[in-house]
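So the chains spell out like this:
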There are 2 protein chains.
Amino acid sequence: MTDYLAGPHDGVAVDGQGPTAAAGFRGAGVTAGLKASGRPDLALIVNDGPSQAGTAVFTTNRVVGAPVMWSRQVITDGKVAAVVLNSGGANVSTGPEGFQDTHATAEKVGEVLGVSAGDVVVCSTGLIGERLPRDLLLAGVDVAAAELRADGGRDAALAIMTTDSVPKLAQITVTTDAGTFTIGGMAKGAGMLAPAMATMLCVITTDADLPSDVLARALPAATSVTFDRVDSDGCMSTSDTVALLASGASGVTPAEDEFIAALRKVTGSLARQLVADAEGASHDVAVSVSGASTQEAAVTVARAITRSNLFKAAIFGNDPNWGRVLAQAGTVPEYIAPFDPLNVDVSINGVMVCRGSRPYADRAEVDLASEREVIIDVDLHAGAESATVWTNDLTHDYVHENSAYST
Amino acid sequence: MTDYLAGPHDGVAVDGQGPTAAAGFRGAGVTAGLKASGRPDLALIVNDGPSQAGTAVFTTNRVVGAPVMWSRQVITDGKVAAVVLNSGGANVSTGPEGFQDTHATAEKVGEVLGVSAGDVVVCSTGLIGERLPRDLLLAGVDVAAAELRADGGRDAALAIMTTDSVPKLAQITVTTDAGTFTIGGMAKGAGMLAPAMATMLCVITTDADLPSDVLARALPAATSVTFDRVDSDGCMSTSDTVALLASGASGVTPAEDEFIAALRKVTGSLARQLVADAEGASHDVAVSVSGASTQEAAVTVARAITRSNLFKAAIFGNDPNWGRVLAQAGTVPEYIAPFDPLNVDVSINGVMVCRGSRPYADRAEVDLASEREVIIDVDLHAGAESATVWTNDLTHDYVHENSAYST
């Protein structure tokens, strides 16, 4: 089984400049005044080329914000010159005026950078249903453009934080037969690409020289086994966006599989950092399902378990309640995941508390209190496929943070 | 729109003898010693006839307890002489020995009542993965049989409580052209038939004279619009059982539709009582979706909303966060629920805070703090169908109760 999140920092540096680690990129993070707190709230990442290949993947929610509607159009030609991101407001369900705010932001970025507005990806995160203050936003773009620096990646990561307690950065430099290239990125959010506790935004850059069609294949190949394997609270945001930009500044064109392997390390690290900083969580929980007939079966069973409030509350209580694991596995239809409900094994942190769907080791042997990480292994005895999905426990702090978010 | 839970006590008495309200039934609730607390934990409901028609519906979970495996067989011949229920242990994932415990319980009931063990439905609720103390269980059956009384329904309801704070009872007497008949019932649990916060058990009895094939049609016709429209936390139990027994003691054979109408009132009342007593909840929340193209579309959108932790936490915080309502509606695939994501209305407690997917009335006008009940109306503007699903808010107490359940 390959869990791209299990060893997320395998060769990945998390204390660097993230999206400006690769040659050809500048970044900035400034305070535009969108957040009542007065903290930084506007980020800009610019691709100085020579190439400006780009792609992105978005939330699959049918209700999407103006920035997602705009950015879907931007990437159709495979060219992305810059990404502008703001916290302090998601610009979702804000009508035509909200779309005009997004459009005006892209136009402003295009104007100050001398690029086409149609090559500017826009991302916004925050509360749904409130207009952004356009004047502050546009003035903030001017400030950000003036602050652009080759070591501005960390500032950018700071400016997109909402409930995040730390910025998420990752970068890796890889040497292959073709030469040496770098991939770096930043992310915010406490959830994932599809489901999300809060909106997840991510910008990844590389100085590899790759055309946009390769990027468009590589990005989902990476997100599908990293961000898509994180499910903090099962809620799908209206704004999730992961953008990938390539400057070609290294002059190196790696083989596609080598690029994907490196990209997965970066997205895996960022995804794992999101879990580790999830709102109010006290445990990071890996649910690994093995013995499945297909990948889909393994992922579906794992996801069913990670979405159970009863299971997640038990983990918060340091209670190795394997009955709740089994009960969730049983909710997956047989046509998706064929297995014998009377022959399932469950291990928690290495202790097999359930074997053949019956009690085995004493649950008192399981230590959940000592470590933040919890590993749940479920063996379906129905095949050779496996998958891991990461989640968090359900805590008082989660309820507190999410009951007090907008008021 | 017919919401069978909106006026649940319409003609239904909730302070009577529930499952022994109808003629031909006796009940008892005793302390067998299964619960550490020493509270009543064994209930018995007996059908003295003259008819012993019966049916049941069970959880759709593939992982089921020994009692469900047993009882599925019991009902195949349409005859149910008695139902024995215990709290203090679910007898799920307990292997062949656990099945033998259930079998022995049914044999014991058959022996003391002089009926076939094959006509005894068995229900158990409590922790998964632990054997029941068979000696205590069987001795408890003797005690219960000696205590059987025509006014024992309330005692029975008390004996099946787990985290319930009050027993749930309902009864209605209906006069039709065919004559007068009574339906009564009891339930425990804080969830629902399919998903369940804790196991949901329910026994309904009637003195109407109806064959088992009519009962087998009537019961799902009632549960599908009542218990199935309650979704406290989206978790599906391994033990949920709703049994329906008819004694024929009234000598009255009502028309099937009249019986179903009355049955829906009883199951509606019990379902609504479950919501009102859900673990740790501070709000009962009705999510009504109208303007849907089909019933399935309406129910699926409503259920998507009721399963959102973000939405439920916002309600706990008395925050009319309509963005989280819209975001959940958007997660339903278009082939299930066609609607325009840019043309959805959301009202909260009668205040239309979102119209055409944009802000409308000031959210400050919404009062969530004054009442336990919260009504969310979502209009998809895509058809004439509607449905309501009830849920609860996500609270600190929910997390507390479910993080400390088994330890």
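The rules behind each value
- Residues numbered from 1 in each chain as written.
- Chains lettered and ligands numbered in written order.
- Predicted model: local features only at pLDDT ≥ 70, side-chain atom pairs only at ≥ 80, totals over all residues.
- Heavy atoms only, no water.
- Helix = DSSP H or I, 4+ residues; strand = E, 2+ residues; numbered from the N terminus.
- Rg over C-alpha atoms; globule rule 2.2 N^0.38 Å.
- Buried < 20%, exposed > 50% of the residue type's maximum accessible area, 1.4 Å probe, protein only.
- Contact = heavy atoms within 4.5 Å.
- Areas by Shrake-Rupley, 256 points an atom, 1.4 Å probe, with all protein chains shown as cover.
- Pairing = 2+ DSSP bridges.
- Axes fitted to C-alpha atoms, helices over the stretch in contact; angles between N-to-C directions.
- Domains from an automatic or database assignment.
- Salt bridge = Lys/Arg side-chain N within 4 Å of Asp/Glu carboxyl O.
- Polar contact = N/O pair within 3.5 Å; in protein donor to acceptor, adjacent residues only side chain to side chain.
- Nonpolar A, V, L, I, M, F, W, Y, C, P; charged D, E, K, R; others polar.
- Phe/Tyr/Trp six-rings, centres within 6.5 Å; stacked < 30°, edge-to-face > 60°.
- Lys NZ or Arg CZ within 6 Å of the ring centre and 35° of its normal.
- Core = buried A, V, L, I, M, F, W, Y, C linked by side-chain atoms within 4.5 Å.
- UniProt positions renumbered as here; feature names shortened; annotations may be inferred.
- Parallel < 35°, antiparallel > 145°, perpendicular 65-115°, else oblique.
- Lys, Arg positive; Asp, Glu negative; His and termini not counted.
- Least-squares fit on C-alpha atoms with pLDDT ≥ 70 in both.
- pLDDT = per-residue confidence, 0-100.

Asks: If you had to explain the overall build of chain A to someone new, which residues and values would you point to?
Replies: Across its full length, chain A holds 10 helices and 15 strands. Taken over the C-alpha trace, chain A has a radius of gyration of 21 Å; the compact-globule value for 407 residues is 22 Å, and the two agree within 12%. Expressed as lengths along the three principal axes of its C-alpha atoms, the size of chain A is roughly 65 × 55 × 40 Å. Burial analysis of chain A (407 residues in total) assigns 63% to the buried set. Within chain A, residue pairs in contact and separated by at least 24 positions form 81% of the contacts whose partners lie at least 6 positions apart. Total accessible area computed for chain A in this model is approximately 13000 Å², and 49% of it derives from carbon and sulfur atoms.

Asks: So what about the sheet that holds strand 6 (residues 168-176) of chain B? Which residues, and what values?
Replies: Residues and elements named next belong to chain B. Spatial strand order, 3-9-8-7-6: 5 strands in an open sheet with mixed pairing. The sheet is open, and its two edges are formed by strand 3 (53-58) and strand 6, each paired on a single side. Within this sheet the neighbouring strands show an average axis-to-axis angle of 15 degrees, counted without direction. Across 6 bridges, strand 3 lies against strand 9 (residues 241-246) in antiparallel orientation. Pairing of Phe58 across the sheet is with Thr241, part of strand 9. Each of strand 3, strand 8 (201-206) and strand 9 is contacted by helix 5 (residues 212-223), which is oriented at about 35 degrees to strand 3, the strand it contacts most.

Asks: Can you lay out the domain arrangement of chain A for me, pointing to particular residues and giving the numbers?
Replies: A common way to report how large an interface is uses the accessible area buried once the components associate. Residue and element names in this part refer to chain A. Domains assigned within chain A are domain 1 (18-276) and domain 2 (284-403). With centres defined by C-alpha atoms, the gap from domain 1 to domain 2 works out at 33 Å. Summed over the shared surface of domain 1 and domain 2, the number is 2 salt bridges. Between Glu373 and Arg272 there is a salt bridge, and its shortest N-O distance comes to 2.5 Å. Linking domain 1 with domain 2 are 7 residue pairs in polar contact (both at pLDDT 80 or more). The residue inventory of the side of domain 1 that touches domain 2, partitioned by class, reads 6 nonpolar, 3 polar and 5 charged.

Asks: A description of the packing of aromatic side chains should follow, citing residues and the corresponding values.
Replies: In this description, an aromatic ring pair is defined by two values, namely the gap between the centres and the angle between the planes. A full pass over the atoms with the stated rule returns 4 aromatic pairs over all chains. Lying across the ring of Phe339 of chain B, Arg62 of chain A places its NZ or CZ 4.1 Å from the centre.

Asks: Before we move on, could you go through the pairing of strand 4 (residues 82-86) of chain B and cite the residues and values that matter?
Replies: All names here are of chain B. Where burial is concerned, most of strand 4 is hidden: 5 out of the 5 residues are buried. Here strand 4 shows no split at all, with Ala82, Val84 and Asn86 on one side and Val83 and Leu85 on the other all buried. For strand 2 (residues 42-47) and strand 4, the ladder comprises 5 bridges, and the chain directions are antiparallel. Residue pairing in the sheet places Ala43 in a bridge with Leu85 of strand 4. Bridge analysis of strand 4 against strand 5 (residues 120-124) gives 5 bridges, and the strand direction is parallel.

Asks: With reference to specific residues and values, describe the sheet that holds strand 14 (residues 373-379) of chain B.
Replies: All names here are of chain B. Ordered by their spatial adjacency, 6 strands build an open sheet running 13-12-11-14-10-15, and the pairing between neighbours is mixed. At either margin of the open sheet sits one strand with a lone partner, and together these are strand 13 (358-359) and strand 15 (385-392). In this structure, strand 11 (residues 345-348) lies alongside strand 12 (residues 351-355), joined through 3 bridges in antiparallel fashion. Looking at the pairing, Ile348 lines up with Val351 of strand 12. Lying over the sheet, helix 7 (residues 295-306) contacts strand 10 (284-292), strand 14 and strand 15, oriented at roughly 25 degrees with respect to strand 15.

Asks: Could you give me a rundown of the nonpolar core, with the residues and numbers involved?
Replies: Of all hydrophobic cores here, the largest spans 46 residues; its most connected members are Leu42, Leu44, Val83, Val84, Leu85 and Met186 of chain B. Per-element accounting of this core gives the leading share, 5 residues, to strand 2 of chain B. Once residues lying within four places of it in the same chain are set aside, the contact partners of Val83 of chain B are Ala43, Leu44, Ile45, Val121, Cys123, Val203, Ala243 and Leu245 of chain B. In this structure, Leu44, Val109, Ala117 and Leu169 of chain A belong to the second largest nonpolar core, which totals 45 residues.

Asks: Now, about the UniProt feature "binding site: substrate" (unreviewed entry) in chain A: what can you tell me, with residues and values included?
Replies: Here the UniProt-annotated "binding site: substrate" (unreviewed entry) positions come out as Thr162, Lys188, Thr199, Glu279, Asn402 and Thr407 of chain A. Along the polypeptide, Asn402 of chain A turns up in helix 10 (residues 396-403). For Asn402 of chain A, a relative accessible area of 2% translates into the label buried. Among all residues touching Asn402 of chain A, those that are not within four sequence positions of it are Glu279 of chain A together with Leu310, Ala313, Ala314 and Arg324 of chain B.

Asks: Tell me what's going on with the packing of helix 10 of chain A against helix 8 (residues 309-316) of chain B, and back it up with residues and numbers.
Replies: One can describe the packing of helix 10 of chain A onto helix 8 of chain B by two numbers: an axis separation of 7 Å at closest approach and a directional angle of 75 degrees. Judged by the inter-axis angle, helix 10 of chain A sits roughly perpendicular to helix 8 of chain B. Between helix 10 of chain A and helix 8 of chain B, the residues in contact are Tyr398, Val399, Asn402 and Ser403 of chain A and Asn309, Leu310, Ala313, Ala314 and Phe316 of chain B, respectively. Split by residue class, the contact of helix 10 of chain A with helix 8 of chain B holds 6 nonpolar, 3 polar and no charged.

Asks: Go over the side chain of Asp207 of chain A, please, and point to the residues and values.
Replies: Residue and element names in this part refer to chain A. Its place among the elements puts Asp207 in the loop between strand 8 (201-206) and helix 5 (212-223). The side chain of Asp207 is buried and forms no salt bridge, while Arg26, the nearest opposite charge, is found at 14 Å. One polar contact links the side chain of Asp207 to the main-chain amide nitrogen of Thr182, over a distance of 2.8 Å.

Asks: I'd like a rundown of the pattern of salt bridges, residues and numbers included.
Replies: All told, the structure shown has 30 salt bridges over all chains when counted by the stated rule. Two residues, Arg149 of chain A and Asp155 of chain A, come together in a salt bridge whose shortest N-O distance is 3.3 Å. Judged by its relative accessible area of 35%, Arg149 of chain A is partly exposed. Residue Asp155 of chain A is classed as partly exposed on the basis of its relative accessible area, which comes to 27%. Lys168 of chain B is the partner of Asp277 of chain B in a salt bridge, and the nearest nitrogen-oxygen pair spans 2.5 Å.

Asks: Residue-level account of the relation of the copies chain B and chain A, with values.
Replies: When chain B is fitted to chain A, the best match, at an RMSD of 0.0 Å, comes from turning it 180 degrees and sliding it 0.0 Å along the axis. This pairing of chains is accounted for by a two-fold axis. Across chain B, the smallest distance between a C-alpha and the rotation axis is recorded for His396 of chain B, namely 2.7 Å. Of the residues that chain B buries at the interface, 100% are likewise interface residues in chain A, meaning the two copies contact each other through the same surface.

Asks: Lay out the confidence of the model for chain A in plain terms, naming residues and giving numbers.
Replies: Of all residues in chain A, 95% have pLDDT values of 70 or greater, and the mean over the chain is 92. Residue range residues 192-197 of chain A is modelled with pLDDT below 50. Its contacts to residues more than four positions away, or to other chains, number 43 contacts.

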